[in-house]
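Residues per chain are reported as follows:
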Amino acid sequence: MTAAPRPDVVIVGAGIVGAACAYALAREQLRVLICDAGFPGGGATAAGMGHIVVMDDSPAQLALSALSRRLWEELAATLSLACEDERPGTLWIAASGEEFSALDEKRALYGRAGVRAEILDEQTLAAAEPNLRRGLAGALFVPDDRVLYPPNAARWLLDAAIERGAELRIGSAARAVGAGRLTLVGPSGAVETVEAGAVVIAAGIDTPSLIPGIAIVPRKGHLVITDRYPGLLHSQLVELGYLHSAHSMSGASTAFNLQPRSTGQVLIGSSRELAGRDASINPAIVRDMVARAVAFMPALAGCLAIRTWTGFRPATPDKLPLIGPWPDLPGVWIAAGHEGLGITTATGSAALIAAGIAGRAAPIDATPFLPSRPMPAMEAA
Amino acid sequence: MSDHHAVDVAVVGAGPAGLSAAVHAAESGARVTVIDQTWHAGGQIWRHRDRAELPDEARALMARFEASGAQHLAGTSLFDARPGHLSVLGPNGSLELIAGAVVLATGARERFLPFPGWTLPNVFGVGGLQALVKAGLEVNGKRIVLSGSGPLLFPVAATLAQHGAQLAAVCEQAPRGRVTRFAASLWREPGKLAQAARYRSTFRHVPFRMGTWIERAEGEGRVQRAILTDGTRRWSVDCDMVGAACGLIPSVEVGMAMGCDIVNGVVAVDARQQTSVAGVYAAGECTGVAGEDAAIVEGAIAGLSAAGRPAEALYARRDRGRAFAARLETAFSPRPELRDRADATTIVCRCEDVRLDELRAEWGARQGKLASRAGMGACQGRVCGAALAHLFGWEAPRVRPPLVPVPVSALRPAEPLRD
Ligand SMILES: Cc1cc2nc3c(=O)[nH]c(=O)nc-3n(C[C@H](O)[C@H](O)[C@H](O)COP(=O)(O)OP(=O)(O)OC[C@H]3O[C@@H](n4cnc5c(N)ncnc54)[C@H](O)[C@@H]3O)c2cc1C
Ligand SMILES: Cc1cc2nc3c(=O)[nH]c(=O)nc-3n(C[C@H](O)[C@H](O)[C@H](O)COP(=O)(O)OP(=O)(O)OC[C@H]3O[C@@H](n4cnc5c(N)ncnc54)[C@H](O)[C@@H]3O)c2cc1C
């Protein structure tokens, strides 16, 4: 039994999103209680690539990811070494002349959002990444994109929140969320009712079990990691077609997405499929993904792969996260549904939640993310 | 290039259990393929020896294997396994083996428990040192300390003595009481007793110390001294090499990947040597460490069962082997004091250079791995997993393909890209 004072905010879920919310809210001088049914950063956050990337699938996504990257930049100097934070930048690869001609528009879009970007032609790209296959038309280089190690970044955000007075409960599962209240079941089975000014649900793919009817489904992804090959590539390499793979909800898709880790390892992504919660490896998907990667970078064929794993992105039908008050339950806020961009957009989402709860103006237009927005039906797989 | 190959029985591992399974399945008329990542049949125990030196039963089994018609894919690693379906990589590329039944005979490996200095050059495992000597490591005139546990110590000491090493100490961590009770029970196995006596005679001038273990290894650039202890006294022994481990642990990763129940660290099997997954059998040390005799009879039962033949006649002999395994386990389990050796700066995960003080006992294996990288390296926790289980009681690391590191190209399709 703890006789701790009533928290101002209870956060459910200590993945990267919940952890970022805890940090942002603790910085508002609010008394924060954050709980996780498992351990912090053990959900989708433990599986993600950790690419902090500005994406332009929609204007709202561009605004949120640009804001979020800026907030990560502000934290960069203070992050622990274990967060493996680096700034290798992103190369958006145009395989064909047709794709290359689309880069101008992408660069202009980024420019309007205050994001530096530069077009590399065939030769400059080959010089920058000599292990890419020859004959690629060029790339858009976004130098300020980052890579970090998500589970430890989540842990760092939590520790920073705890330093500012937040309380973390590990192995504590929320149930029965009501207006400004919920039930917590502790590791030993002890049941406790907690009341708070605000409840923030940041439970990733488990959000629907607390908020029935909310439109979030698990979207499975595969990754393969190699042994250490420092210098094989320098920036995160993503094919322009990635946006298409990420955007389309129907069927299974793979895209070339290659990441240099600070350890010298290479992380090979990525795939998307709706497959329920079956965490097993689908060899056909791995084959497609790896074939694509080797087609772009032939030298990868001889590198040793040491592990493959899967993770579940919390996906929404309109490809935007749900951030803001839940209309059916006063005092309940949602910060979930970040699909494949939640490591990046955790910081921006937390800024929106903190502004909302503190009653301040939001740093960007919050309406595209409001959980009350009309939602299209989920496309069938 | 990926290729398909269908067989009735696929056997994983070409040690005593695997060879015995292959022989019995093939002699029952099944099409059998045996895969092993090394180049020679025989497993840890027989592989490095001259055929002429092998015990009669081993020689007979190897000859029967060669005559059985079973196919032997040497230098071939299994990197993904589902019931009935094995992905292997051999000298000619990758191959998909479609098997009606699978026999797992993946053996055991040494249990390494970290102590200060265990990562110094010239500190090896106990069985590891023996394998190196058989592969040509020069030990003539070298002063060597052995600190281990269980029946493996004697043959290794014998091999080292025969190669001219000066054994500075041979230490068994298990307390004298446990060892003598175990030895007394060996009247049921007169052959084993005689064998132990033969081994002992090759290093009879060296004291065999029970209830004694290495506490730390010290030296500049390589090991020069071992600090030994019996729990009350400690003393220093000068040496050029150390062989240190704590017995064997079953290699259960392939069983785990296939979804077989793992109980108390071994692949669980029924009377027919079938695992919890229909059509997947297991034999030998992956089902419990009991030595070559038990492995051979378990392999025979598994091979007959996998080929759909009865094997009841062999059960009694197998059950004696299992009882022996249980007595081994009781006698030679690691003593708790071994836990206290590692200090804050001792490396616990060699692949990723993780120190003990980077871990917290309250984490489990998965949280510990994510937070510290322990178990994330190329061996995927095969070495540090046992150490972390001993130090903190953490569960065994989960396996994911590839089960062993393979070139990225092995994961690539023969089929054209889907779009
Ligand atoms: C293969 C893959 C690659 C990715 N790559 C990237 C990338 O490069 N860049 C990027 O920005 N994003 C990437 N992502 C996406 C990113 O990982 C996710 O969007 C993000 O981790 C979601 O974080 P979260 O905190 O919402 O969810 P989670 O990390 O899943 O956290 C939710 C937490 O809630 C807890 N919880 C659930 N229910 C309860 C309950 N009832 N009570 C208490 N706690 C509960 C869970 O235990 C869990 O810890 C990738 C994802 C995948 C799968
Ligand atoms: C940026 C980054 C880099 C990483 N680098 C490495 C690395 O270098 N080396 C490394 O080993 N790992 C690495 N990891 C992976 C990490 O250690 C975990 O493996 C990650 O959490 C993915 O989990 P997992 O599914 O592999 O297995 P786990 O974390 O063990 O399990 C996750 C869940 O999947 C289930 N599960 C596990 N195996 C199976 C299976 N076969 N079938 C069905 N379900 C299963 C488990 O029960 C569990 O619920 C990295 C992760 C990140 C985010």
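Conventions we followed
- Residues numbered from 1 in each chain as written.
- Chains lettered and ligands numbered in written order.
- Predicted model: local features only at pLDDT ≥ 70, side-chain atom pairs only at ≥ 80, totals over all residues.
- Heavy atoms only, no water.
- Near = heavy atom within 4 Å.
- Areas by Shrake-Rupley, 256 points an atom, 1.4 Å probe, with all protein chains shown as cover.
- Helix = DSSP H or I, 4+ residues; strand = E, 2+ residues; numbered from the N terminus.
- Nonpolar A, V, L, I, M, F, W, Y, C, P; charged D, E, K, R; others polar.
- Domains from an automatic or database assignment.
- Contact = heavy atoms within 4.5 Å.
- Buried area = accessible area lost by both parts, 1.4 Å probe.
- Salt bridge = Lys/Arg side-chain N within 4 Å of Asp/Glu carboxyl O.
- Polar contact = N/O pair within 3.5 Å; in protein donor to acceptor, adjacent residues only side chain to side chain.

Novice: Please give an account of the site of ligand 2 that cites residues and values.
Specialist: Among the 20 residues in the neighbourhood of ligand 2, the closest are listed as Gln265 of chain A together with Arg366, Lys369, Gln380 and Arg400 of chain B. In this structure, ligand 2 is bordered by residues of chains A and B. The fraction of the free accessible surface of ligand 2 (940 Å²) that becomes covered by protein chains is 82%. For the shell around ligand 2, the secondary structure elements donating two or more residues are β17 (304–315) of chain A together with α11 (365–372) of chain B. Looking at the shell around ligand 2 element by element, the count peaks at three residues for α11 of chain B. Class assignment for the residues of the shell around ligand 2 results in nine nonpolar, four polar and seven charged.

Novice: Residues and numbers for the domain arrangement of chain B, please.
Specialist: Residue and element names in this part refer to chain B. Domain annotation of chain B identifies domain 1 (3–108 + 249–330), domain 2 (114–245) and domain 3 (334–419). On a C-alpha basis, the centres of domain 2 and domain 3 stand 27 Å from each other. Taken together, the 14 residues of domain 2 in the interface contact 14 residues of domain 3. Carbon and sulfur atoms make up 60% of the surface buried where domain 2 meets domain 3, a total of about 1200 Å² over both sides. Taken as a group, Pro114, Trp118 and Trp213 account for 49% of the area that domain 2 buries against domain 3, more than any other trio of residues on that side. On the surface where domain 2 and domain 3 come into contact, there are zero salt bridges. Counting every contact that joins domain 2 to domain 3 gives three residue pairs in polar contact (both at pLDDT 80 or more). Looking at side-chain class alone, the side of domain 2 that touches domain 3 contains eight nonpolar, three polar and three charged residues.

Novice: Pulling in residues and values, what's your account of the interface of chain A and chain B?
Specialist: At the interface, 39 residues of chain A touch 30 residues of chain B. In total, chain A and chain B occlude about 3000 Å² of area from one another, counting both sides; carbon and sulfur atoms represent 53% of this. By the criterion of area lost to chain B, the three top residues of chain A are Phe39, Ile306 and Arg307 of chain A, representing 22% of everything that side buries. Where Arg228 of chain A meets Glu352 of chain B, a salt bridge forms, and the shortest distance between an N and an O atom there is 2.5 Å.

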